[in-house]
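# An overview of the molecular structure
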Amino acid sequence: MEEHNQKTVIKVKELVTHYGSRKILDGVNLDVKKNEIMVIMGGSGSGKSTLLRHVLGLNSATSGSIEILGTEITTANQKKLYQLRRNMGVAFQGGALFGSMTVGENVELPLREHTNLDEKTMRIMVRMKLEVMNLAGVEALMPSELSGGMVKRAALARAVIMDPTLLFFDEPSAGLDPVVSAELDELIILLRNAMNMTIVVVTHELESAFKIADRITILDEGKIIITDTVENIRNSNLTQVQDMLNRRPRQKELDTEAYLDRLTGDRLQ
Amino acid sequence: MRNFVEKTGRETIYYVEHAGMMTIFLCSCLIRIFTRPFQLRAIIKQLHFIGAKSVFIIIVAGSFTGMVLGLQGYYVLQRFGSLDMIGSAVALSLIRELGPVLAALMVVGRAGSAICAEIGIMRTTEQIDALECMGIHPYKYLMVPKFIAAIISLPLLTCLFDVMGILGGYFAAVVLFGVNEGSYFQGMYSSVVWADIEMGLIKSFVFGLIIVWVATAKGFFLHLDRSGAFGAEGVSRITTKAVVLSSVAILGSDYLISAILL
């Protein structure tokens, strides 16, 4: 993709956030360009899901700014934020389908709430989106009757039902077998190509990230250590990046004195 | 000493913050009752869940409460030779106090706990986040139908409770103990005035509001709960808290309303 000529649709600047006294994000800067697939990677607890929640406007930051489609969301009022979200689709890690509704009703919900379409048109649109996701004929099923992969695809169908400009996908491969995971990767690429979406995917699956990403951002302990193309990430000399790519456990220096204190119980007194 | 002061300060700040958050939540939900779109389908669904599904338990509880009142009333009033007062004793106790309070406590146990657990699970499984990300306000979509359904259902359930209680009292006093049927109903006619019914209805309206407010707010703010428990444990904790808090709030507000209206 010709990334240099693309307009920036998401701009995160010096984002800092705390949970209590713990710093979760530490001066994060990130630009996502129009029509690209940006994959945010990092180990558990690195802050990638927190970053996603901030970009979605679900959490408030300690400092910094987040601009989405030209709107500064850290200072935007609720009305503006809700309007902006109509241009965004989000597929959550667990699907977040409503258990009391059928799959069809779940996918139809944004249309019912935001449009004046008649029942028949809504049904056709739902069927179309479900077919794109290889879920034809499941409209009447309840979410509890679907497999893990089907739940994720149904969530994706709901996320794209309004044809959003931006699509966010949290951990698409988590808990799925490699075949289903690969199918989801194909779907993400298809959505970008067919619907001209900008897609942000949060994952820790290397194979999936390399397959779908135009660019990858790697987070470590709340800081972005690199944002680059797949090829440059592969060739990076950064230790953290190489540790992640080669699945090497992190080497921590052992403080022998503190360790002995812990063993003898001195630190507890 | 310093620890004690620090702890007291922390607790005070927590409770003040919590009360403020709950109050803002209530006001936001109440304001949204009057804004479009009106979720008729969701309101009917909630009326069915909170109201219609509570009918059986209200009939059973109301009947037994009335029977106990009839039984106790018979033995007490017999000592004073005032058996003709039994109808008014049963009716007034039910309409002014027991009907609204017991009906509300039944609804807390049946619907309040379920509402709290439902919203709590929606919070833990990111369904509430999903709603927000779809540009759908969770207060409007999830809470408002429950608020409307509860403040419509509670007065109706209370009326049903009162009627069943009066019939239960009739069964105990008239059918079992042979109190004169005419004096049972005549006492009721002569002693119950509109102000008594009005008091019962005001109470049931307020109790309906309390039940749904506490249940929805506790579930909605599950992630901010001080215990830090999330998931299944968090849901079970906040459900227990919601039931206890609603029950205590019902009894406390019952006294307040009685004191104001008497």
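Residues numbered from 1 in each chain as written. Chains lettered and ligands numbered in written order. Predicted model: local features only at pLDDT ≥ 70, side-chain atom pairs only at ≥ 80, totals over all residues. Heavy atoms only, no water.

### Digging into empty space enclosed by the protein
Test applied: Here a cavity means grid points, on a 1 Å grid over the protein atoms only, where a 1.4 Å probe fits yet cannot get out; a pocket means an open set of points with protein on both sides within 12 Å along at least five of seven lines; lining residues are those with an atom within 4 Å of a point. Grid points are joined across faces, edges and corners, and a volume is the space filled by probe spheres set on the points. By definition, any uninterrupted DSSP run of H or I lasting at least four residues is a helix, any uninterrupted run of E lasting at least two residues is a strand, and each is numbered from the N terminus. For this classification, Asp, Glu, Lys and Arg are treated as charged, while Ala, Val, Leu, Ile, Met, Phe, Trp, Tyr, Cys and Pro are nonpolar and the rest, including Gly, are polar.
According to the stated counting rule, one finds three cavities of 30 Å³ or more in the structure shown. Of the voids in this model, the largest cavity is the one considered here, and its volume is about 120 Å³. As for the largest cavity, its lining consists of 14 residues, of which Met 88, Pro 110, Arg 158 and Ala 159 of chain A together with Met 134 of chain B are closest to the centre. Contributions of two or more residues to the lining of the largest cavity are made by β6 (88–91), α3 (103–114) and α5 (148–160) of chain A together with α5 (127–133) of chain B. At three residues, β6 of chain A tops the list of elements feeding residues into the lining of the largest cavity. Looking at side-chain class alone, the lining of the largest cavity contains nine nonpolar, two polar and three charged residues. Here the lining of the second largest cavity is composed, by residue class, of five nonpolar, one polar and two charged.

### Details of the layout of surface pockets
The space that makes up the largest pocket amounts to roughly 1300 Å³. Lining the largest pocket we find 40 residues, and of these Arg 53, Leu 58 and Asn 59 of chain A together with Arg 123 and His 223 of chain B sit closest to its centre. Elements with a minimum of two residues in the lining of the largest pocket: α1 (48–55), β4 (63–68) and α2 (78–85) of chain A together with α1 (2–33), α4 (86–124), α5 and α6 (138–176) of chain B. For the lining of the largest pocket, the element with the highest residue contribution is α1 of chain B, accounting for five residues.

### Observations concerning the sheet that holds strand β7 (residues 166–170) of chain A
Residues and elements named next belong to chain A. Selection rule: A pair of strands is labelled paired if DSSP reports no fewer than 2 bridges between them. Interaxial angle, 0 to 180 degrees, is taken between N-to-C directions of lines fitted to C-alpha atoms, where a helix line uses only the stretch in contact.
The strand order across the open sheet built from six strands is β6-β7-β8-β3-β9-β10, with neighbouring strands paired in mixed fashion. Here the strands that pair on one side only, and so sit at the sheet edges, are β6 and β10 (223–229). Between one strand axis and the next, the sheet turns by 15° as a mean value, whatever way the strands run. Note that β7 and strand β8 (residues 198–202) share five bridges and pair parallel. Of the residues in β8, the one forming a bridge with Phe 168 is Val 200.

### Digging into α1 of chain A
All names here are of chain A. This is how it is decided: For each residue, the accessible area found with a 1.4 Å probe, counting protein chains only, is set against the maximum for its type, and the residue is called buried under 20%, exposed over 50%, and partly exposed in between.
The buried fraction of α1 amounts to six of the eight residues, a majority that puts the element mostly inside the structure. Residues Lys 48, Thr 50, Leu 51, Leu 52, His 54 and Val 55 constitute the buried set of α1. A positive backbone phi angle near 75° is found at Gly 57, which sits one or two residues after α1.

### Brief notes about the sheet that holds strand β5 (residues 71–72) of chain A
All names here are of chain A. Spelled out, the test is: By definition in these notes, contact holds between two residues if any of their heavy atoms fall within 4.5 Å.
On the basis of which strands lie adjacent, the open sheet formed by four strands has the order β2-β1-β4-β5 and antiparallel pairing. Pairing within the sheet leaves two strands with one partner each, and these edge strands are β2 (22–33) and β5. Two strands pair when backbone bridges link them, and strand β1 (residues 8–19) and β2 are joined in this way by nine bridges, in the antiparallel orientation. Note on β2: the bridge partner recorded for Ile 10 is Val 32. The strands that α1 touches are β1, β2 and β4; relative to β1, the one it contacts most, it runs at about 120°.

### Examining the domain arrangement of chain A
Residue and element names in this part refer to chain A. Under the convention used in this document: Start and end points for every domain follow an automatic or database-based domain assignment. Note: buried area is the sum, over both parts, of the accessible area (probe 1.4 Å) each one loses when the two are combined. Note on definitions: salt bridges are taken to be side-chain nitrogens of Lys or Arg within 4 Å of carboxyl oxygens of Asp or Glu. What qualifies as a polar contact is a pair of N or O atoms within 3.5 Å, subject to a donor-acceptor requirement within protein and to the restriction that residues adjacent in sequence count only when both atoms come from side chains.
The domains assigned to chain A are domain 1 (3–87 + 164–268) and domain 2 (97–163). Computed from C-alpha coordinates alone, the two centres of domain 1 and domain 2 are separated by 27 Å. Counting from both sides, the interface comprises 17 residues of domain 1 and, opposite them, 13 residues of domain 2. Here domain 1 packs against domain 2, burying approximately 1200 Å² in sum over the two surfaces, 74% of which is carbon and sulfur. Of all residues in domain 1, the largest losses of buried area upon contact with domain 2 belong to Arg 86, Pro 164 and Leu 187, amounting jointly to 39% of the total for that side. In this structure, the connection of domain 1 to domain 2 is made through zero salt bridges. On inspection of domain 1 and its partner domain 2, the count reaches two residue pairs in polar contact (both at pLDDT 80 or more). For the side of domain 1 that touches domain 2, the secondary-structure elements that each account for two or more residues are β7 and α6 (178–195). Among the elements that take part in the side of domain 1 that touches domain 2, α6 stands out by supplying seven residues, more than any other. The residue makeup of the side of domain 1 that touches domain 2, split by class, is 13 nonpolar, one polar and three charged.

### Some words on the environment of His 18 of chain B
Residues and elements named next belong to chain B. Among the secondary structure elements, His 18 is positioned in helix α1. In this structure His 18 comes out as buried when scored by relative accessible area, which is 16%. In this structure the C-alpha to C-alpha distance between His 18 and Phe 221, which are 203 residues apart in sequence, comes to 9.7 Å.

### A few points about unusual backbone geometry
Each neighbour pair has its own omega, and for Arg 36 of chain B with Pro 37 of chain B the value is -5°, a cis peptide bond. In the Ramachandran plot, Asp 163 of chain A falls in the positive-phi region, its phi being about 50° despite a non-glycine side chain. Its identity as a non-glycine residue notwithstanding, Glu 221 of chain A has a phi of 45°, on the positive side. Relative to the assigned elements, Glu 221 of chain A resides in the loop between β9 (215–220) and β10.

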